[in-house]
Amino acid sequence: MDGQKAQESQTRYSRYAEEIGDDIADTVQQFGCQPILFVGSGLAKRYMGTPNWDELLSHLATHCTAIDKGLGFYKQSLITPMRIGEEFAKIYQEWAWTAGHNEFPEEMFGESVGAQSYIKYKIASYINSLTPIDASKIGKDEHKKEISSLTKIKPHAIITTNYDRMLEMLFPDHEPIIGQNILKGQQVYIGEIYKIHGSVTDPDSIVFTESDYREFQRKKKFLSAKLLTFFNEHPLIFIGYSATDPNIRSILSDIDEALPEKGGVIPNVYILQWNPQINEDSVPPREKVIPTEDDRTIRVKLIEAADFGWVFDAFSTNPALNDVNPRILRALIARSYDLVRHDIPKLPVHVDFKMLTESVENSNSFAKLFGIANIDDYSFAAVQHPLSATQLGKLLGGNGWHTANALLDKLKQITGTDIKSSDNKYHRSELVNTTKFHKYSNDCLNLLESVRDGLPFELNLGLPSKNAQPAHN
């Protein structure tokens, strides 16, 4: 009866969250690498109260005495935020050289200072004024657990259009790469924060005006070529963006161009959207069709949540990388790059090619070459319950978790027992931060095959034997 009560107490939204969480964990496992985070202004606004486009333009209009018309006038006249930014930049320059002189450092009045530097200086100053002194001060109390879950993701890399320093503070072992510097230097591609629209640490790098965006678009094809490597090889989640955001449309258009098959949902791309109306009876859509460039569309996985914590937990379910320091990985890759690209061809160092040849013949010896051991040392429990609901459903002949959950429900109806209510030979739960994820065994696969085919079966909730064979995909 306890299993029955547990099943009945599960709300429609908690079921949705469980199934989405399984799908995310399965995608991370299938790709075998950490996700890429693509972070927009909505996340910084959520945690630090930084402005969106309209709020930033309103602040700039209010704090410059030379702007004597309301923001509405400029919206009517110039339409787009970038054009308004271009006009405001001209007004700020003139203001700086007249009545607003004392608002700027004296060193900003040299001939080498750019005409748009004045408004960008004010943008950086304003955003810095909203930034806490350290990471522990980021977010209100109700966001602390959510932020903790975010930082546990261990992302391969982070891409952002935000100017603020929040991500550097939350991920101190990731190296920020600002603006056009992304197009320079050697290719490390791990443990880095790509600030593609600039940063408050370098105000002139900020992409804000129409001319800035024209220059960004001119060089975008080189940036896109680099980023597409990420999108093809990693799970990707957009956070803090509306699905109609032009930045998303532009990036997804590039992904669409590279897809070998058109029309299907992209399996590794998720968009996380905040929905304050979510309640226990909500069943949000799971996919989103997004218009891209040239009147095309693309389908991606959609997640709607009022609390992002369980979503972040799902992206951090890879226990093998819990203790990985991105700074060390980045240094290791960079040094290996230098070794192969420069040192070995020039032979300024002695190279034991026999040792290298022997070391790369298997993964264990190769790992030990870098001081890494026990890379296959997973727990007994993980080995015996390796299947997510998605993997289980596919092995049962379906397209995903729907098939597995339907058969689990049928099993519960037949026996009165919910095998997910406890850890047993068929099922175990993993607690990641505060979110529970479910894993299933080969015994569960055999059991559900019998349920599916109408064959007799015996339900035994004991723990699996250590001699049992693990399930295989």
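Attention in this report is confined to the structure presented alongside it. Source: prediction; values computed, not measured.

Observations concerning the packing of helix α6 (residues 81-96) against helix α7 (residues 117-129)
Helices that pack against each other are described as a pair by the angle of their axes relative to one another and the distance between those axes. Orientation of α6 relative to α7, taken along the N-to-C sense of each, is 100°, at an axis distance of 7 Å. Between α6 and α7, the interaxial angle falls into the category roughly perpendicular. The segment α6 lies against α7, with Gly 85, Phe 88, Ala 89, Tyr 92, Gln 93 and Ala 96 engaging Tyr 118, Ile 119 and Lys 122. In terms of residue class, the contact of α6 with α7 is built from 6 nonpolar, 2 polar and 1 charged.

Re the packing of helix α3 (residues 41-48) against helix α8 (residues 144-151)
Where α3 meets α8, the axes come as close as 11 Å, and the angle between the chain directions of the two elements is 135°. When the axis of α3 is compared with that of α8, the two are oblique. α3 and α8 meet at a crossing whose hand is left-handed. Contact with α3, carried on its side by Leu 43, Arg 46 and Tyr 47, involves Glu 146, Ile 147 and Leu 150 of α8 and no other residues of that element.

Section: the side chain of His 427
By secondary structure assignment, the location of His 427 is in strand β9 (residues 427-432). Among the polar contacts made by the side chain of His 427, one reaches the main-chain carbonyl oxygen of Ser 422 at a distance of 2.8 Å. Setting aside residues up to four positions removed in sequence, His 427 forms contacts with His 385, Ile 419, Lys 420, Ser 422, His 438, Lys 439 and Tyr 440.

What to know about helix α4 (residues 53-62)
Every α-helix carries 3.6 residues per turn, so stepping three or four residues along brings you back to the same face. Along α4, the residues that are buried comprise Leu 56, Leu 57, His 59, Leu 60 and Ala 61. Contacts made by the buried residues of α4 are with α5 (71-78), α6 and α7. The N-terminus of α4 is capped by Asn 52, whose side-chain oxygen sits 3.3 Å from the backbone nitrogen of Asp 54.

What counts as what
Residues numbered from 1 in each chain as written. Predicted model: local features only at pLDDT ≥ 70, side-chain atom pairs only at ≥ 80, totals over all residues. Heavy atoms only, no water. Axes fitted to C-alpha atoms, helices over the stretch in contact; angles between N-to-C directions. Helix = DSSP H or I, 4+ residues; strand = E, 2+ residues; numbered from the N terminus. Parallel < 35°, antiparallel > 145°, perpendicular 65-115°, else oblique. Contact = heavy atoms within 4.5 Å. Nonpolar A, V, L, I, M, F, W, Y, C, P; charged D, E, K, R; others polar. Left-handed = near helix turned anticlockwise from the far one by under 90°. Polar contact = N/O pair within 3.5 Å; in protein donor to acceptor, adjacent residues only side chain to side chain. Buried < 20%, exposed > 50% of the residue type's maximum accessible area, 1.4 Å probe, protein only.

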